[in-house]
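# Per-entry structural report
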Amino acid sequence: MTVAGIVFGLILLLVLGTFAYAYATLPDPSRLDLAAGDVKIVDRHGTLIEQRNAQGVRVIPVKKDDISPNLRNATIAVEDKHFYQHHGVDWGRVIKAGIIDVITRRPQQGASTITEQLAKIAILQSPQKTILRKLREAMLASALESKYSKDQILTLYLNSIYYGHHATGIEAAAEVYFGKHAKDLTLSQASLLAGLPNGPSYYDPALHKDQALARQAVVLDAMVNTGVITSTQADQAKNEPLTFVFKENRSSLAPHFVDYVFEQLESVYGPSAINTGGLTVKTTLDLNLQKAAEQAVAVGQQRLGRLGADNGDFLAMDPKTGEILAMVGSADYLNNDIKGQFNVVTALRQPGSSFKPYAYEQAFKSHKLTMGSPLDDTSRHFANGQFHDFDFRDMGIISAHKALLLSRNIPALETMQTAGVDNVVNFAHDMGITTPLKSEVTTAIGSSEVRLLDHAVGYGVFANGGTRHDPVSLLEVKDKDGNALDNPNKPQGKQVISAQEAYLITDILKDYSSQWNLGWNKPFAGKSGTTNNYRDAWMMAYSPNLVMGAWVGHTGPGNQDMNGVFGTMVGSSVLTDFINNGLTQAHFTVETFKRPDGLIDGPPCASSVSASPSASPSSSASASASAGSSSSEKELYLPGTECKPAPTPSPSPTPSPTPLTSVIPSILPSGILPTATPKPTPAPTPTPSAPAGQTP
């Protein structure tokens, strides 16, 4: 009992000491600073990318009567429904939050009142999450409640909080989002704005409209529960169409990347990091590479725009760290016709044939196939119907090496079946794909949507010898006094496959540029992808120290399909400009691939090279086949998987005379549909010219 008494006394002394220190160092509660500090976003070299909230630029204080009652009621309902009952701290919410946090073993439930949030935003101005700061919040909240009336506190709060799009305070927010004064907001508009401070980037209606409307519904339901509106009024507000103007002035050297960074800041430090300002954020971006990426996207638009490509994106990452070096989310951030503020890098699009390496790698590493294994490139039936290749020709028996290099669809489907559909899906998730993938054979050729950001992580595993590094955008965050805030631990690399397994794909794809005449003058491996009706065209590329991806599509008015834009055309325009010109101008040195120890050289299986010239797609594709077979004379094998002579295959079945278009799923890559495939132009030399009709 003596020991217990001593321990209790020490704990009590510690608690009292903490209270005493918090009180002694408490800022003056009358020192309300409504001018938000600036947030500086700089690149990895310290060069300014964008500066937000420069001392009061977007703060337009207004009086209580100049704020719509709808907005006031909505804010109280969703943020602090007992606002008019407590004296600064809602102890019921505190106890409830504590219980939930103990059960979940992590801080999950918020309990800050409007008064506490005002103290944090306008007085403490610190995004750090510590017990001492929470204690000071509670003390300041009580002091503010003694000094100001409830209506004064609410008005100060609504003039202080950050709503996104450079708008601090409700008057600025009403102007930016709807082009009107705060006093004129409708219930629908007010309920949407009231939901934004909880996550201005996450709920940004310009970028995530569905999430913003879902949050609006939460606000309206909360208003019904508090009795300030009826269910009928809530339903009417939910169904009211909202017209946004997004009337803001913005100067940024990388707007999509900055938007992405602010999402990360809100996730790590909470919206108060933006409300308060006074931060300098050092990011991973390299403005030299960013400039090269924007130029490359512009080149792609110039060359492919006549074919209906009105939008494009670009991403570059360091596969060794996951650090984002360049991000262009659209062809024109300020062009509303193409939804320019929407970041396509983080959006879901079908990847087409650029997904195939995951299927082949799973087959290789599980020893179901090798680079020299024979695959049958013959039109036939799979689980989802009758399939043929993008050029409507059959090449017969070819090696897996040649099938991936020539981007043949039928062998990819066969590989998917051999490796196991679910095995490939699970493996792709291990590689970095974070979104759901369909458990279907057609996922091998790109029917499931993925994010370019994830896709680059996956290709980074091939580049980095089998180790995955998830995306990183923040290097360091400092407060207004220059003190570095505690950054979250950077994600550790995860070994997904061995260096030998990763190099099997690299050994094939390092020849992709020369095989398809993309014109790259630096050693990059690559893979293209084209989707149904030319809706999406992709090109992925990587070296040991750089992984990149580019996409083009049509997001403006009218038909969303392009007119014959293939993924290799993205490679020969966007990526060629970035690789040949941009990297040189940015003084970026590209590392070369090194074959790891532990791989075995050997000949392909005998039946892998038995495709006859007459079975080739066209004169140009025949040349491709010849080039492919010469590169396949020596294959690489994992130990114990060397290809052994195979028996002569049975004759390929004759394709059904039934028109294939009637049974082909609409989700298949564009080359499968006959109506969209341009007629190939014969190549004048044995070197493949990658005509449009054969480009994957």
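Computed from a predicted model, the values in this text were never measured in an experiment. (Residues numbered from 1 in each chain as written. Predicted model: local features only at pLDDT ≥ 70, side-chain atom pairs only at ≥ 80, totals over all residues. Heavy atoms only, no water.)

### Regarding the environment of T555
Within the secondary structure, T555 sits in the loop between β17 (546-553) and α21 (567-585). Overall, T555 belongs to the buried group, its relative accessible area being 10%. C-alpha separation for the pair T555 and I338, spaced 217 residues apart in sequence, amounts to 5.0 Å. In this view, T555 contacts D310, N311, D337, I338, K339, R349 and Q560; residues no more than four positions away in its chain are not counted. Reaching out from T555, the side chain makes a polar contact with the side chain of N311 at a distance of 3.0 Å. (Helix = DSSP H or I, 4+ residues; strand = E, 2+ residues; numbered from the N terminus. Buried < 20%, exposed > 50% of the residue type's maximum accessible area, 1.4 Å probe, protein only. Contact = heavy atoms within 4.5 Å. Polar contact = N/O pair within 3.5 Å; in protein donor to acceptor, adjacent residues only side chain to side chain.)

### What about unusual backbone geometry?
Residues other than glycine seldom take positive phi values, yet K339 does so here, at roughly 55 degrees. The topology assignment puts K339 in the loop between β5 (324-328) and β6 (348-349). You can call K339 exposed: its relative accessible area is 54%. Even without being a glycine, N533 presents a positive backbone phi close to 60 degrees. Among the secondary structure elements, N533 is positioned in the loop between β15 (525-530) and β16 (536-543).

### Observations concerning the pairing of strand β2 (residues 48-52)
Pairing of strand β1 (residues 39-42) with β2, which is carried by four bridges, proceeds in the antiparallel orientation. Within β2, the position partnered with V39 by the bridge is R52. The hairpin turn running from β1 into β2, its antiparallel successor, is five residues long, and G46 in that turn takes a positive phi close to 90 degrees. (Pairing = 2+ DSSP bridges.)

### A word on the packing of aromatic side chains
Summed over all chains, the structure comprises 17 aromatic pairs. Between the aromatic rings of Y177 and F246, the centroid separation amounts to 5.9 Å while the plane-to-plane angle is 65 degrees, which identifies the pairing as edge-to-face. Taken together, the residues Y177 in helix α7 (residues 170-178) and F246 in the loop between α10 (231-239) and α11 (255-269) connect sequence positions 69 residues apart. Each of the two residues, Y177 as well as F246, counts as buried. For the pair Y459 and Y542, a centre-to-centre distance of 6.1 Å together with 65 degrees between the ring planes defines the contact as edge-to-face. Of this pair, Y459 sits in helix α18 (residues 452-463) while Y542 sits in strand β16, and the two are 83 residues apart along the sequence. Considered together, Y459 and Y542 belong to a single accessibility category, that of buried residues. An aromatic cluster is defined as three or more aromatic residues linked by ring pairs; in this entry it consists of F355, Y358, Y459, F462, Y542 and F593. In this arrangement the basic side chain of K147 is found over the ring face of Y148, its NZ or CZ atom lying 5.7 Å from the centre. (Phe/Tyr/Trp six-rings, centres within 6.5 Å; stacked < 30°, edge-to-face > 60°. Lys NZ or Arg CZ within 6 Å of the ring centre and 35° of its normal.)

### Observations concerning α18
Because each turn of an α-helix spans 3.6 residues, side chains separated by three or four positions in sequence point in the same direction. With 12 residues, α18 ought to run about 16 Å at 1.5 Å a step, and its terminal C-alpha atoms sit 16 Å apart, in line with that. Among the 12 residues of α18, 12 are classified as buried, and the element is accordingly described as predominantly covered. Burial in α18 covers these residues: L452, L453, D454, H455, A456, V457, G458, Y459, G460, V461, F462 and A463. Among the residues trailing α18, G465 stands out with phi positive, at a value near 70 degrees. (Expected span 1.5 Å × (residues − 1).)

### Observations regarding the environment of T530
With respect to the secondary-structure elements, T530 resides in strand β15. The sequence separation of T530 and G352 amounts to 178 residues, and the corresponding C-alpha distance is 4.8 Å. There is a polar contact of 2.8 Å between the side chain of T530 and the backbone nitrogen of G567.

### A closer look at the sheet that holds β1
Strand order in the open sheet made by the four strands is β2-β1-β3-β13, with mixed pairing throughout. The sheet is open, and its two borders are formed by β2 and β13 (474-478), each paired with just one other strand. Shown here is a sheet whose adjacent strand axes are inclined to one another by a mean of 15 degrees, direction ignored. Strand direction decides the pairing type here: β1 and strand β3 (residues 279-283), joined by four bridges, are parallel. Residue I41 lies in a different strand from β3, and its bridge partner there is V281. (Axes fitted to C-alpha atoms, helices over the stretch in contact; angles between N-to-C directions.)

### Topic: the pattern of salt bridges
In this structure the tally under the stated criterion is 17 salt bridges. Two residues, E476 and K478, come together in a salt bridge whose shortest N-O distance is 4.0 Å. Residue E476 is classed as partly exposed on the basis of its relative accessible area, which comes to 29%. Judged by relative accessible area, which is 32%, K478 ranks as partly exposed. Via salt bridges that share partners, D377, D389, D391 and R408 belong to a single interconnected network. (Salt bridge = Lys/Arg side-chain N within 4 Å of Asp/Glu carboxyl O.)

### Focus on the side chain of D507
Tracing the chain through its elements places D507 in helix α19 (residues 499-509). When neighbours within four sequence positions are excluded, D507 is seen to be in contact with M371, H401 and L636.

### Examining the nonpolar core
Ranked by size, the top nonpolar core spans 125 residues in total, and within it F314, Y542, M548, L575 and F578 carry the most contacts. Take this core: its biggest share by element is eight residues, from α18. Each residue touching Y542, except ones within four places of it in the same chain, is listed here: Y459, F462, A463, I505, T506, L509, P523, F524, A525, V547 and F593. Within the second largest apolar cluster, 50 residues are counted, among which are V62, L158, A182 and L242. (Core = buried A, V, L, I, M, F, W, Y, C linked by side-chain atoms within 4.5 Å.)

Read these as layout, nothing more, since geometry by itself doesn't imply function.
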